[in-house]
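In case you want the letters, here they are:
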Amino acid sequence: RVACLQGRFHAYEGYDPSILALPVRALQAAGCETLILTCAAGSLQEEMRPGSLMLVTDHINWSGVSPLVGPNDERVGPRFVDLSRAYDPALQVIARIAANESGIELHEGVYIWCLGPNFETPAEIRAFHMLGADAVGMSTVPECLAAVHCGLRVMAIAVMVNLAAGMQANLSHVDTLAIGREVVPQLGMLLETVMTHLVRDA
Ligand code: HPA
């Protein structure tokens, strides 16, 4: 059985970061064991063009906040969460197999979480590139943190909707939405194939 959430809270909307954990914990409480996150992101790799899909293999939390700040409820998860394998290696294998079977090119890389709501400066993007980031966005990491904390397995797929600041002439939210919409069928097919494997392997 699959539960599907449409939309998400973003820290830049002004919520207390702990709020960002609630939908994930609700899914866990409802019996979910695996969380598949999707997001739009800016690409820091020229060859990862807008419209590409990227499997998130790791992340950098550049936001300075975490949904896990505050008193820890030990019934939910531990105080100090191990993020050594935040993006489940077995799920990454499934994502690669599913992409291969669906004939979809799936890039891989590190996602860096910025608070937003502004897009980044070109100087920030150059710095993030040196830090090892491949894609930049304003979501996904808080949900991953909440999920790993409460024991969910996590997979994340980022849709590149622009080249990051300084790598293309300018950034517009309207343009990123249009690119995002174009990729929906591909992403849908990939997720469907991933879920077929999850059911088969369960
Ligand atoms: N930066 C941050 N978040 C984003 C971007 C970006 O370039 N594109 C889509 N979400």
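No experiment lies behind these values; they were computed from the predicted model shown.

### Section: the site of the ligand
Then comes step 1: Residues in contact with the ligand, as listed here, are Ala 40, Ala 41, Gly 42, Phe 119, Glu 120, Val 136, Gly 137, Met 138, Val 161 and Asn 162.
Then comes step 2: With respect to the ligand, the side chain of Glu 120 contributes an N or O atom lying 2.7 Å from a nitrogen atom.
Then comes step 3: Within the contact set of the ligand, a nitrogen atom lies 2.6 Å away from a side-chain nitrogen or oxygen of Asn 162.
Then comes step 4: Bound to the protein, the ligand loses 93% of the 260 Å² it would expose on its own.
Then comes step 5: Among the elements of the structure, β1 (34-43), β4 (135-137) and β5 (153-163) are those that each provide at least two residues to the shell around the ligand.
Then comes step 6: For the shell around the ligand, the leading source of residues is β1, giving three residues.
Then comes step 7: In the shell around the ligand, the residues fall into six nonpolar, three polar and one charged.

### Quick look at the pairing of strand β2 (residues 53-61)
Then comes step 1: With eight bridges connecting them, β2 and strand β3 (residues 106-113) associate as parallel partners. Paired with Leu 55 across the two strands is Glu 108, which belongs to β3.
Then comes step 2: The sheet contact formed by β2 and β5 spans three bridges and is antiparallel. Paired with Leu 53 across the bridge in β5 is Val 159.

### Let's talk about the nonpolar core
Then comes step 1: In this structure, Tyr 87 and Tyr 111 are the most contacted members of the largest nonpolar core, which totals 30 residues.
Then comes step 2: Sorting the residues of this core by element identifies α1 (22-29), β1, β2, β3, α4 (141-149) and β5 as the ones contributing at least two each.
Then comes step 3: In terms of residue count, the dominant contributor to this core is α4 (six residues).
Then comes step 4: When neighbours within four sequence positions are excluded, Tyr 87 is seen to be in contact with Val 56, Thr 57, Asp 58, His 59, Gln 92, Val 141, Cys 144, Val 154 and Ala 156.
Then comes step 5: Residues Ile 157, Val 161, Leu 187 and Val 194 belong to the second largest nonpolar core, which totals 19 residues.

Thresholds applied
- Along every chain, residues carry numbers that run from 1 in the direction the sequence is written.
- For this predicted model, a pLDDT threshold of at least 70 governs which residues receive local features, and a threshold of 80 or more governs which side-chain atom pairs are given and counted, while totals over whole chains, interfaces and linings are taken from all residues.
- Side-chain measures here rest on the full set of heavy atoms in the structure, leaving out hydrogens and waters.
- When at least one non-hydrogen atom of a residue lies within 4 Å of a molecule or strand, that residue is treated as near it.
- Here a polar contact is taken to be a pair of N or O atoms separated by no more than 3.5 Å, where protein atoms must pair a possible hydrogen donor with a possible acceptor and residues adjacent in sequence count only if both atoms sit in side chains.
- Note that accessible areas follow from Shrake-Rupley with a 1.4 Å probe, and for residues the cover is restricted to the protein chains shown.
- Numbering of helices and strands runs from the N terminus; a helix is a DSSP stretch of H or I covering at least four residues, while a strand is a stretch of E covering at least two.
- Amino acids outside the nonpolar list (Ala, Val, Leu, Ile, Met, Phe, Trp, Tyr, Cys, Pro) and the charged list (Asp, Glu, Lys, Arg) are all regarded as polar, and Gly is one of them.
- Each pair of strands is called paired provided DSSP finds at least two bridges between the two strands.
- Residue types Ala, Val, Leu, Ile, Met, Phe, Trp, Tyr and Cys, when buried and joined through side-chain atoms within 4.5 Å, form a set referred to as a nonpolar core.
- When a residue's accessible area, from a 1.4 Å probe over protein chains only, is under 20% of the maximum for its type it is buried; when over 50% it is exposed; and in between it is partly exposed.
- Residue contacts are counted whenever heavy atoms from the two residues lie within 4.5 Å of one another.

Take it as geometry only, folks, not as evidence of what the structure does.
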